[in-house]
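# Results of the structural survey
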Amino acid sequence: MSQQGGSPTGHEDDWWGQLYDDSTDDTGPTPEPDSVDDRFASAAGAVGDGSASAVAVPQPRAGAAPTGGPGRHRAPWESPPTAPPPPATFPPGPKPPGFTEEPPPTTGAARTSTETPATTTPASWTPEDTPPEPALTPGTPPASDDALRPDPDDDLPPATVRAAADSAAPRLPDPGTEAPAASPQARHAAPTRVDLPATPSSSLDYVGSGPPTYDAEPTALPPADPDELDDLVADTVLDGARYGTCSLRAVSVRGDSARYRGEPRRDSLLMARFGSGDAALVLVAMATGARATPGAHRAAAEACHWIGRAVGRSHARLGEDIRAARRGDLKSGLHRLTDRSLGKLRATAAEQGIDPEEYAATLRCLLLPADPECRTRVFFGVGAGGLFQLRDGAWHDIEPQIGDITGEPVVGFGSLPHETPEGDRLTMDLGIPTPPSPYEPALEPPREPFRFRASVARPGDTLLMCTGGLAEPLRGEPELCAYLTGRWSGPTPPGLAAFLADTQTRVKGYADDRTAAAVWEE
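Owing to the predicted nature of the structure, the values given are computational and were not obtained by experimental measurement.

For the protein chain, the count of helices and strands is 12 helices and 13 strands. Here the protein chain holds 522 residues, and the buried ones make up 32% of them. In the protein chain, of all internal contacts separated by at least 6 residues, the share reaching a separation of at least 24 is 70%. About 33400 Å² of surface is accessible on the protein chain, with carbon and sulfur atoms providing 55% of the total.

Have a look at this one:
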């Protein structure tokens, strides 16, 4: 047998010529000419859906010459010789929208061999040396869109077929290429970095000329008594609330010196609410025990508890006086409550046989009504500390100042008068000290004066009450004031963690306990 178109080689090729001779009639019932193309088309219409893509071409025999090899002409059903087509199986692909399926050919109809080879070649024919396509994973673009193309036999012009295929198969961008620029509408719809809220600046460890001497974190714990574990004091106390038109933050932190030496925190903090609704009254009390005394932390805690009990029992009357702006009644009433609380401390010291000066504490308190219609803030207390107001980006020291004592001299206080009641003038002082009388009690040392201030807050104000551990660096280090101004001048108050970090900003030379309460006005 020779290739088609070759010269005959002998009698062994006669059967091939007789089989494909057009002059020989077929033994079948049809009178029409029969060829391999006609049989292939008939089998494809009977097995599949009328398209050649549903027909499985058998694998080539072992040892057969490759298709399109030298000395062989291509058959009508083969693709052009640009690429050697291997045998493959062609599953039916999905039809794009808008295409209608071609009805199968009728019985007896046959296609002629004058068709172009490209019409009988499946659309997804690939060369033999092309590796199989890997399975698609989520997010991976498809390697080819041949499966979405319409059938080549559909009666559509080439431009229409290509446009329909492109509209039915959305193409994903190639990972190696740059994505196209977004439209103006898409850019306005998506949030940009400018639209996002600004990130607050991070907190600083210290300000001033240099780092402090002590470590920033606790080093040693105070000694504990197994029989008096209730006497232990936590290193840090943090609290907060929101009532009426104000947000409150309060913190008490052990100083760097006490952390290093293993001493308990001498500052004590109490925050309590008495009453309910708009008639409620919020009390913030802080106290500092005497320095270098063993029971300083206990004295501070008792001072806060005593003033808390006194204010809680009189909160209804105090709330009415605050809302009615009875400044005189408030000052006299709170002065009396403060003296009673500190007097109980001195009584406790006498019971324990301790010097009253060793079992003493400074006391500072703040009263905040929960009524949103009342913006009066009342401060009172005894001892050193600070009261500051942040308004319009500037700090103001509003600590009540104790003025010069005026009035007539009294016994045991002040200097001698210039003349007697009878008019005799005293012209000489011999400087002889007068011995104490056994019938008169010894004079007590002068006490700390009572401090009181009632002010009306404005929206946007920040009121800060603190002990000496924070008041002294605020008055002595301008960088700390500037730093807290930037941190606390925002539209919203800081959270508890941020407030703790701000109040812990250290300054070299100031290592005492810090207790502070800040009020942000809305």
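Moving on, we get to the side chain of Thr485. Along the chain, the position of Thr485 falls in helix H11 (residues 478–488). Ignoring sequence-local partners within four residues, the contact set of Thr485 consists of Leu390, Gly393 and Trp395.

With antiparallel pairing, the 5 strands of this open sheet are ordered in space as E4-E5-E6-E7-E10. Either end of the sheet is taken by a strand with one partner, and the two such strands are strand E4 (267–274) and strand E10 (450–456). Neighbour-to-neighbour, the strand axes of the sheet open up by a mean angle of 10°, direction not taken into account. In this sheet, E10 lies alongside strand E7 (residues 376–382) in antiparallel orientation, the contact comprising 7 bridges. If you follow Thr376 over to E10, its bridge partner there is Val456.

A few words now on a negative patch on the surface. A grouping of Asp225, Asp227, Glu228 and Asp230 is seen on the molecular surface, where their side chains present a negatively charged patch. With respect to the element layout, Asp230 can be found in the loop between strand E1 (206–207) and strand E2 (236–243). With a relative accessible area of 82%, Asp230 lands in the exposed category.

The next point concerns unusual backbone geometry. Phi is positive for Ala325, which is not a glycine, with a value near 60°. For Ala325, the location among the structural elements is in the loop between helix H8 (315–323) and helix H9 (327–351). Since its relative accessible area comes to 62%, Ala325 is described here as exposed. Positive phi, close to 55°, is recorded for Asp392, a residue that is not glycine. Take Asp392: it is sitting in the loop between strand E8 (386–391) and strand E9 (394–397). For Asp392, a relative accessible area of 77% puts it in the exposed group.

Here we take up the sheet that holds strand E3 (residues 246–253). Spatially, E2-E3-E13-E11-E8-E9 is the arrangement adopted by the 6 strands of the open sheet, whose pairing is antiparallel. Each edge of the sheet is formed by a strand with only one pairing partner; in this case those strands are E2 and E9. Between one strand and the next, the sheet's axes are offset by a mean angle of 15°, whatever the strand orientation. Note: E8 against strand E11 (residues 462–466), 5 bridges, orientation antiparallel. Across the sheet, Leu387 pairs through a bridge with Met465, a residue of E11.

In this structure the tally under the stated criterion is 16 salt bridges. Two residues, Arg326 and Asp321, come together in a salt bridge whose shortest N-O distance is 2.8 Å. With a relative accessible area of 37%, Arg326 lands in the partly exposed category. Assessed through its relative accessible area of 3%, Asp321 is described here as buried.

With respect to the helices, strands and loops of the structure, Ser314 is situated in the loop between helix H7 (296–313) and H8. Take Ser314: its relative accessible area is 27%, and that puts it in the partly exposed class.

Moving on, we come to a positive patch on the surface. Residues Arg309, Arg313, Arg336, Arg340 and Lys344 make up a contiguous surface patch of positive charge. Among the secondary structure elements, those contributing two or more residues to the positive patch are H7 and H9. Tallying contributions element by element places H9 first for the positive patch, with 3 residues.

Among the nonpolar cores identified, the biggest contains 31 residues, and Ile307, Val311, Leu334, Leu367 and Phe380 are the most heavily contacted of them. Elements that contribute at least two residues to this core include exactly strand E5 (281–289), H7, H8, H9, strand E6 (361–369), E7 and E10. Here this core gets 7 residues from one element, more than from any other, and that element is H7. Listed in part, the 22 residues of the second largest apolar core include Leu390, Leu470, Cys481 and Val507.

The rules behind the values
- Residues numbered from 1 in each chain as written.
- Predicted model: local features only at pLDDT ≥ 70, side-chain atom pairs only at ≥ 80, totals over all residues.
- Heavy atoms only, no water.
- Helix = DSSP H or I, 4+ residues; strand = E, 2+ residues; numbered from the N terminus.
- Buried < 20%, exposed > 50% of the residue type's maximum accessible area, 1.4 Å probe, protein only.
- Contact = heavy atoms within 4.5 Å.
- Areas by Shrake-Rupley, 256 points an atom, 1.4 Å probe, with all protein chains shown as cover.
- Pairing = 2+ DSSP bridges.
- Axes fitted to C-alpha atoms, helices over the stretch in contact; angles between N-to-C directions.
- Patch = residues over 30% accessible without salt bridge, like charges linked within 9 Å, V, L, I, M, F, W, Y side chains within 5 Å.
- Salt bridge = Lys/Arg side-chain N within 4 Å of Asp/Glu carboxyl O.
- Lys, Arg positive; Asp, Glu negative; His and termini not counted.
- Charge placed at Lys NZ, Arg CZ, Asp CG, Glu CD.
- Core = buried A, V, L, I, M, F, W, Y, C linked by side-chain atoms within 4.5 Å.

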